[in-house]
Amino acid sequence: GSVNRPLPPEEEQNMLDTLEKALQQGAAGISLGLMYDPGLYAQKEELKKVAELCIKYDRPLTGHPRANSAVSMSYPELLGRSHLLRAVDELVEIVGDTKLKLHYSHAIFVGRRSFKDKDEFVRIINKLRSNGADVQFDIYNEMLGVSVITVILPAWYQSMTSKERKKNRLKLSLLVKASSILLGFGFKDIQVAYIGPGYEKYEGMTVHEIAKMEKLSDLDAYLMLCEKSDFKGRVNMGPYTTPEIISEFSRNDNCLYMTDAWVEDHGVQNPAIYDCFPKFLRDSLLGTGDTMPKTVRKMTGATAERFALTDRGYLREGCFADLVVFDEEEIKAATPDQTCSFGISRVFINGVQVLNGDEIDANALKTSGKAIKIK
């Protein structure tokens, strides 16, 4: 739960037994969210034992690191080694000298002063692989990302009671201001996507704009939004990367493509739900991405193999017919980031056509999907 302490032996064994049972029953792997509640309270030694389970059952461990930026709220020291790289160091320690199948989610560099970490990140991935670990990472084709509103709050603040938070407001304020300067990222870069019913007026506005409207400081406005959303609000933030980084990483053979997006019932959507993959295809056609065969593979067969999905991701006899038909000329001529997809003419799920041009077969869409077993 949301308690900032190590697990006592009984709780730790219960956790490990639960995970092992799930792996025995066919779970595709184990996922860590070390930047988010409750994963941010996980201790390194606990995580090593979790990794041992993945090795035992030959399943991937996907890891969202504690920090994706040069400075974060995950580590107390603001100066010295980049927090993003410290978070990668932690994953390196968890891998150790094992053959762990580690999947790093995601290769993003939040804040303008984090971009410089990309080269060392690649060097670390390459070193792990040369030592025998099966390490890969993924990217999405967007400059921003979606996160929970608490992502920039330190763990010690989140675990406090309301009374304790009031006492530590000044400490938090100083820490946030210093971090913003060192990061090149601030409240002007955080757009509110959803707070909750009754707060629709905030949707699409930055925290800074809301602060001006409510006549509050940026920090007070941010904490107000956290509280009104019961610390569960959704935000869009950026910059997370650059076109140059996306272009470089998209051609890395250890990189897979993903969207990091899902459709929400309310509020501002993550733009990646619309055209993230068409943009990868477009980059390939325009020469700024990987070759077309590799681009398609990184969306399909390579991902299916990574997570042990059999008979998926390939266009051949005996495989499930999950097909996307796209028009290269339309993709090249399109203007991206229009909150709509482009260049996709037909979609089949398990051999059932669910999209034809602009027409979606809603009934087919409801019944064409199925639970997928892993080998």
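Criteria and cut-off values
- Residues numbered from 1 in each chain as written.
- Predicted model: local features only at pLDDT ≥ 70, side-chain atom pairs only at ≥ 80, totals over all residues.
- Heavy atoms only, no water.
- Pairing = 2+ DSSP bridges.
- Helix = DSSP H or I, 4+ residues; strand = E, 2+ residues; numbered from the N terminus.
- Phe/Tyr/Trp six-rings, centres within 6.5 Å; stacked < 30°, edge-to-face > 60°.
- Buried < 20%, exposed > 50% of the residue type's maximum accessible area, 1.4 Å probe, protein only.
- Lys NZ or Arg CZ within 6 Å of the ring centre and 35° of its normal.
- Salt bridge = Lys/Arg side-chain N within 4 Å of Asp/Glu carboxyl O.
- Disulfide = S-S within 2.5 Å.
- Axes fitted to C-alpha atoms, helices over the stretch in contact; angles between N-to-C directions.
- Parallel < 35°, antiparallel > 145°, perpendicular 65-115°, else oblique.
- Contact = heavy atoms within 4.5 Å.
- Nonpolar A, V, L, I, M, F, W, Y, C, P; charged D, E, K, R; others polar.
- Core = buried A, V, L, I, M, F, W, Y, C linked by side-chain atoms within 4.5 Å.
- Left-handed = near helix turned anticlockwise from the far one by under 90°.

**Q** Is there a simple way to explain the sheet that holds strand β12 (residues 359-360) in this structure?
**A** Sheet strands associate in pairs through backbone hydrogen bonding, adopting either a parallel or an antiparallel arrangement. Across the sheet, which stays open at both edges, the four strands sit in the order β9-β10-β11-β12 with antiparallel pairing between neighbours. This sheet does not close on itself; its edge strands, each paired only once, are β9 (323-326) and β12. Here β9 pairs with strand β10 (residues 344-349) via four bridges, running antiparallel. Each residue of the ladder has a partner; that of Phe 326, found in β10, is Ile 344.

**Q** Honestly, the packing of aromatic side chains in this entry has me stumped. Any pointers?
**A** Aromatic rings in a pair are described by how distant their centres are and how their planes are angled relative to each other. Counted according to the given criterion, the structure contains 10 aromatic pairs. Each ring, one from Phe 277 and one from Phe 280, has its centre 6.2 Å from the other, and the planes form 65 degrees; the classification is edge-to-face. With Phe 277 and Phe 280 both in helix α11 (residues 272-286), this residue pair falls three residues apart, about one helical turn. By relative accessible area, which is 2% here, Phe 280 ends up buried. Clustering of aromatic rings is evident, with ring pairs tying together Tyr 104, Phe 109, Phe 121, Phe 137 and Phe 249. Here the guanidinium or amino end of Arg 312 rests over the ring plane of Phe 320, the centre of that ring lying 3.8 Å away. A cation over a ring is seen here: Arg 316 above Tyr 314, with NZ or CZ 4.4 Å from the ring centre.

**Q** Would you explain the pattern of salt bridges in this entry?
**A** Pairing between side chains of opposite charge can happen when the charged atoms of each approach one another. Considering all chains together, one arrives at 29 salt bridges under this definition. Ionic pairing is found between Glu 77 and Arg 86, a salt bridge with its closest N-O pair at 2.9 Å. Exposure remark for Arg 86: the relative accessible area of 17% places this residue in the buried category. The shortest N-O distance in the salt bridge between Lys 332 and Glu 329 comes to 3.3 Å. A residue pair is termed a helical-turn pair when its members lie 3 or 4 positions apart in one helix, as Lys 332 and Glu 329 do in helix α14 (residues 328-333) at three residues. Owing to a relative accessible area of 33%, Lys 332 belongs among the partly exposed residues under this scheme. With relative accessibility at 53%, the residue Glu 329 sits in the exposed group. Via salt bridges that share partners, Lys 44, Glu 45, Lys 48 and Glu 93 belong to a single interconnected network.

**Q** Just to check I follow, could you spell out unusual backbone geometry for this structure?
**A** Residues apart from glycine generally show negative phi values, whereas peptide bonds are mostly found in trans. His 106 follows Ser 105 through a cis peptide bond whose omega is 5 degrees. Assignment of secondary structure puts His 106 in the loop between β3 (101-104) and α4 (118-130). Going from Gly 238 to Pro 239, the amide bond is cis rather than trans, its omega being 5 degrees. Mapped onto the elements of the fold, Pro 239 is located in the loop between β7 (234-237) and α10 (243-250). At Asp 58, a residue that is not glycine, the phi angle is positive and equals roughly 55 degrees. Relative to the assigned elements, Asp 58 resides in the loop between α2 (44-56) and β2 (61-64). Classification of Asp 58 as exposed rests on a relative accessible area of 51%. With a phi angle near 60 degrees, Asp 337 is a residue other than glycine that sits in the positive phi range.

**Q** So what exactly am I meant to see when it comes to the state of the cysteines here?
**A** Two cysteines whose sulfur atoms are joined by a covalent bond form what is called a disulfide. Throughout the structure, instances matching the rule amount to zero disulfides. With no disulfide of its own, Cys 276 has Cys 255 as its nearest cysteine by sulfur position, at a separation of 11 Å.

**Q** How should I be thinking about the packing of helix α3 (residues 83-95) against α4 in this particular structure?
**A** Two quantities define a packed helix pair, namely the angle between the helix axes and the distance between the axes. The interhelical angle for the contact between α3 and α4, taken along N-to-C directions, is 5 degrees, at an axis separation of 11 Å. Comparing the axis directions of α3 and α4 gives the class roughly parallel. Touching Leu 85, Val 88, Asp 89, Val 92 and Val 95 of α3 are Glu 120, Phe 121, Ile 124 and Leu 128, all from α4. Its residues assigned to classes, the contact of α3 with α4 comprises seven nonpolar, no polar and two charged.

**Q** Please explain the pairing of strand β6 (residues 190-194) as it appears in this structure.
**A** Regular strands place their side chains on alternate faces of the sheet. The buried count for β6 comes to four of five residues, which makes it a mostly enclosed element. Pairing of β6 with β7, which is carried by four bridges, proceeds in the antiparallel orientation. Each residue of the ladder has a partner; that of Gln 191, found in β7, is Asn 236.

**Q** Can you walk me through the nonpolar core in this structure?
**A** Proteins that are soluble and globular tend to have nonpolar side chains buried together. One finds Leu 61, Phe 121, Phe 137, Ile 139, Tyr 222, Leu 225 and Phe 249 to be the most contacted residues of the largest nonpolar core, which totals 83 residues. If one sorts the elements of this core by residue count, helix α9 (residues 218-228) sits on top with seven residues.

**Q** Teacher, can you tell me more about the packing of α11 against helix α12 (residues 292-299) here?
**A** With their axes 9 Å apart at the nearest point, α11 and α12 run at an angle of 165 degrees to one another. Classified by the angle between their axes, α11 and α12 sit roughly antiparallel to one another. Crossing angle aside, the handedness with which α11 passes α12 is right-handed. Facing Phe 277, Phe 280, Leu 281, Ser 284 and Leu 285 of α11, the residues of α12 in contact are Met 292, Thr 295, Val 296 and Met 299.

**Q** Just to check I follow, could you spell out the sheet that holds strand β4 (residues 134-139) for this structure?
**A** The five strands lie next to each other as β1-β2-β3-β4-β8, forming an open sheet whose pairing is parallel. Because the sheet does not close on itself, it has two edges, and the strands there are β1 (30-33) and β8 (255-257). Adjacent strand axes in the sheet meet at a mean angle of 25 degrees when their direction is disregarded.

Interpretation note: all reported values are geometric properties and have no functional meaning in isolation.
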